[in-house]
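Structural features, examined
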Amino acid sequence: MSDLAAKSDLDYDVAIIGAGMVGATLASLLSRCGFAVALVEAHEPQPFDANAEVGLRVSAISPGSSAVLEQAGAWKAVSAQRARPYRRMQIEDGVEMDPLLFDAPVFNMERLGTIVENALLQWSLWQVVKSGGLVDVYCPEQLDSIGFSKNRNRVSLKSGRIITASLVVGADGAGSRVRKAIGIRQDYYAYNQHGLVAVVGKHKPNPGVAWQRFLPGGPLAFLPLADGRSSIVWTRPSLEAERLLALETTDFIGELDTASSGWLGKVESCGPRAAFPLSMRLSECYASQRTVLMGDAAHVVHPLAGQGVNLGLTDAAALTELLIRVRLAGGDIGSAMVLQDYGRGRRSESEAMAFGMHALRSLFGIEGLSPVRRAGMALVKRSWTIKDIFLQRAAGTANNAPKLARGATLRDLTGGLSRSAYG
Ligand SMILES: Cc1cc2nc3c(=O)[nH]c(=O)nc-3n(C[C@H](O)[C@H](O)[C@H](O)COP(=O)(O)OP(=O)(O)OC[C@H]3O[C@@H](n4cnc5c(N)ncnc54)[C@H](O)[C@@H]3O)c2cc1C
């Protein structure tokens with residue numbers, strides 16, 4: 001890190017690289033409590049068209065995450081459109097286990113989560129940051145390099161613009177250029193599996209159940225959509241996924257029918273299919289040199305419990321709370337202490353989630369009725385760990401969850417101070 005850097009004409013408290021679901025949420029949260037925010041994004045999202053066919057990418061948004069998105073100003077628009085709450089989760093092992101059922105009322109919850117198209121969430125967040133007038137959005141624009149110094153970082157953009165900021169946030173996805181610029185190493189584990197996705201209609205409409213069957217080779221999930229169809233995520237070994245993608249629709253439906261037999265009757269329709277490679281990635285640390293990582297830039301987990309974007313939104317909420325506390329105390333938001341606080345807390349949580357998903361995937365991936373698989377499944381049935389993963393975290397009620405995920409408002413956190421009190 002070099003000595004002090006002069007402010008550029010474009011000087012901010014926080015410069016966020018990447019306006020995916022995570023970066024855009026952070027930009028909105030921080031700007032709403034008075035931080036000067038720059039948001040740099042390579043591609044503007046497509047406008048969401050409620051009359052178009054349902055998108056292939058959807059996310060199971062936990063109640064904790066929807067509370068965060070509400071404070072970011074995007075949840076109202078999302079929940080008024082094609083979003084489907086689900087109140088039951090049903091997990092089967094496809095061999096011998098009675099289904100494992102989680103019902104929202106049993107856990108004093110109104111819903112266990114909401115299935116939302118990524119395109120809807122991205123567009124709603126984009127509208128908030130673009131139209132709110134509080135965030136300076138640079139798009140289409142890309143990060144070129146970062147110059148690190150003691151008091152602020154200099155962010156060079158591909159267009160030649162230079163911006164300076166007390167803190168830089170890398171929310172630029174799994175291939176993060178920000179992570180490479182700080183030189184943070186990453187552990188990478190390729191599952192040699194793909195997640196095959198499609199929109200599927202069964203004989204009976206999905207009654208609002210997130211259903212998952214663990215099959216040898218990977219889980220198959222049916223997530224409920226607003227129109228009664230389901231969005232499937234079918235994890236298969238990569239070569240097998242390639243074969244399934246190449247099948248004629250009727251042949252694919254036949255195989256999907258067999259894999260999901262007994263639940264909601266026969267598969268009656270199936271739209272286009274796509275498949276995404278699955279991996280686990282954990283950055284060695286999440287913060288260094290006035291720069292932090294969040295979302296997929298910091299961690300990528302197996303999608304079997306639908307936690308990837310939820311973890312990223314928790315990163316955004318945790319950083320927002322930390323920066324508000326530091327600003328209220330008159331401190332430096334890019335100091336080593338802030339970075340350490342954020343990095344330690346967020347890495348331990350995402351590490352637990354990544355390895356939890358890894359263990360579940362390995363356990364359920366064991367073929368046949370081996371004693372190990374049987375003992376493991378019995379443990380899962382009784383275990384509070386899985387309930388913790390699926391429910392406490394989902395609800396935002398885990399002890400270490402950010403206050404925003406537990407229903408606190410930005411106003412609560414800032415003590416009702418006006419935006420100018422931060423300026
Ligand atoms: C099959 C599948 C199913 C999934 N289901 C779920 C689920 O149900 N629930 C869940 O929580 N998660 C789920 N996930 C995970 C989830 O999709 C990701 O965790 C999430 O999309 C990550 O969001 P992000 O904002 O961190 O990154 P991204 O969505 O990758 O966004 C990064 C942004 O940065 C921009 N960018 C990149 N580089 C630059 C640059 N140099 N300059 C400027 N901009 C840049 C990109 O254009 C992009 O907009 C699933 C994943 C898969 C593969």
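Everything discussed here concerns the structure shown above.
These figures come from a predicted structure and were not determined experimentally. (Residues numbered from 1 in each chain as written. Predicted model: local features only at pLDDT ≥ 70, side-chain atom pairs only at ≥ 80, totals over all residues. Heavy atoms only, no water.)

To continue, consider the sheet that holds strand β7 (residues 113–117). Across the sheet, three strands lie side by side as β3-β7-β4; this open sheet has antiparallel pairing. The open sheet has two edge strands, β3 (58–61) and β4 (84–86), and neither has a second partner. Strand-to-strand, the axes of this sheet are offset by a mean angle of 25 degrees, without reference to chain direction. In this sheet, β7 lies alongside β3 in antiparallel orientation, the contact comprising four bridges. Note on β7: the bridge partner recorded for A60 is I115. (Pairing = 2+ DSSP bridges. Helix = DSSP H or I, 4+ residues; strand = E, 2+ residues; numbered from the N terminus. Axes fitted to C-alpha atoms, helices over the stretch in contact; angles between N-to-C directions.)

A word on the packing of aromatic side chains. Each pair of aromatic rings is reported with the distance of its centres and the angle of its planes. Under the definition given, this model contains seven aromatic pairs. Geometrically, the ring pair formed by Y12 and Y138 is edge-to-face, given 6.4 Å between the ring centres and 85 degrees between the ring planes. One end of the pair, Y12, is in strand β1 (residues 11–17); the other, Y138, is in strand β8 (residues 135–138), and 126 residues separate them in sequence. With respect to class, Y12 is no different from Y138; both count as buried. (Phe/Tyr/Trp six-rings, centres within 6.5 Å; stacked < 30°, edge-to-face > 60°. Buried < 20%, exposed > 50% of the residue type's maximum accessible area, 1.4 Å probe, protein only.)

Taken together, 28 residues are adjacent to the ligand, and E41, A60, D296, G306 and V309 come closest. The separation between an oxygen atom of the ligand and a polar side-chain atom of R57 is 3.2 Å. Here an oxygen atom of the ligand and a backbone polar atom of N310 are 3.1 Å apart. In the complex, the protein chains occlude 83% of the 1000 Å² of accessible area that the ligand would expose alone. Elements supplying a minimum of two residues to the shell around the ligand: α1 (21–32), β3 and α8 (308–328). The class makeup of the residues in the shell around the ligand is eleven nonpolar, eleven polar and six charged. (Near = heavy atom within 4 Å. Polar contact = N/O pair within 3.5 Å; in protein donor to acceptor, adjacent residues only side chain to side chain. Areas by Shrake-Rupley, 256 points an atom, 1.4 Å probe, with all protein chains shown as cover. Nonpolar A, V, L, I, M, F, W, Y, C, P; charged D, E, K, R; others polar.)

Reported here for the second largest pocket is a volume of approximately 310 Å³. Along the walls of the second largest pocket sit 15 residues, with A318, R325, D341, R346 and N400 positioned nearest its centre. Elements supplying a minimum of two residues to the lining of the second largest pocket: α8 and α9 (336–365). It is α9 that contributes the most residues to the lining of the second largest pocket, six residues altogether. Of the residues in the lining of the second largest pocket, the class split is six nonpolar, three polar and six charged. (1 Å grid on protein atoms, 1.4 Å probe; cavity = no way out; pocket = protein on both sides within 12 Å on 5 of 7 lines; lining within 4 Å. Points joined across faces, edges and corners; volume = space filled by probe spheres on them.)

Let us look at the side chain of E41. Along the chain, E41 falls in the loop between β2 (37–40) and β3. Reaching out from E41, the side chain makes a polar contact with the backbone nitrogen of A19 at a distance of 2.7 Å. The contacts of E41, once residues within four sequence positions are left out, are G18, A19, G20, W126, Y138, C139, P140 and E141. (Contact = heavy atoms within 4.5 Å.)

Compared with an ideal rise of 1.5 Å per residue, which puts twelve residues at 16 Å, α1 spans 17 Å between its outermost C-alpha atoms and is within 8% of the ideal. Counting buried residues in α1 gives eleven out of twelve residues, a clear majority hidden from the surface. Looking only at α1, the buried set comprises M21, V22, G23, A24, T25, L26, A27, S28, L29, L30 and S31. Directly after α1, the chain includes G34, whose backbone phi takes a positive value near 100 degrees. (Expected span 1.5 Å × (residues − 1).)

Counting 104 residues, the largest nonpolar core has I16, L167, V169, M294, L319 and L323 as its most contacted members. With sequence-adjacent residues up to four places away left out, I16 is seen in contact with G23, L26, A27, V37, A38, L39, V40, V169 and A171. The next biggest cluster of nonpolar side chains, apart from the first, holds 20 residues, and it includes W211, L247, I253 and L256. (Core = buried A, V, L, I, M, F, W, Y, C linked by side-chain atoms within 4.5 Å.)

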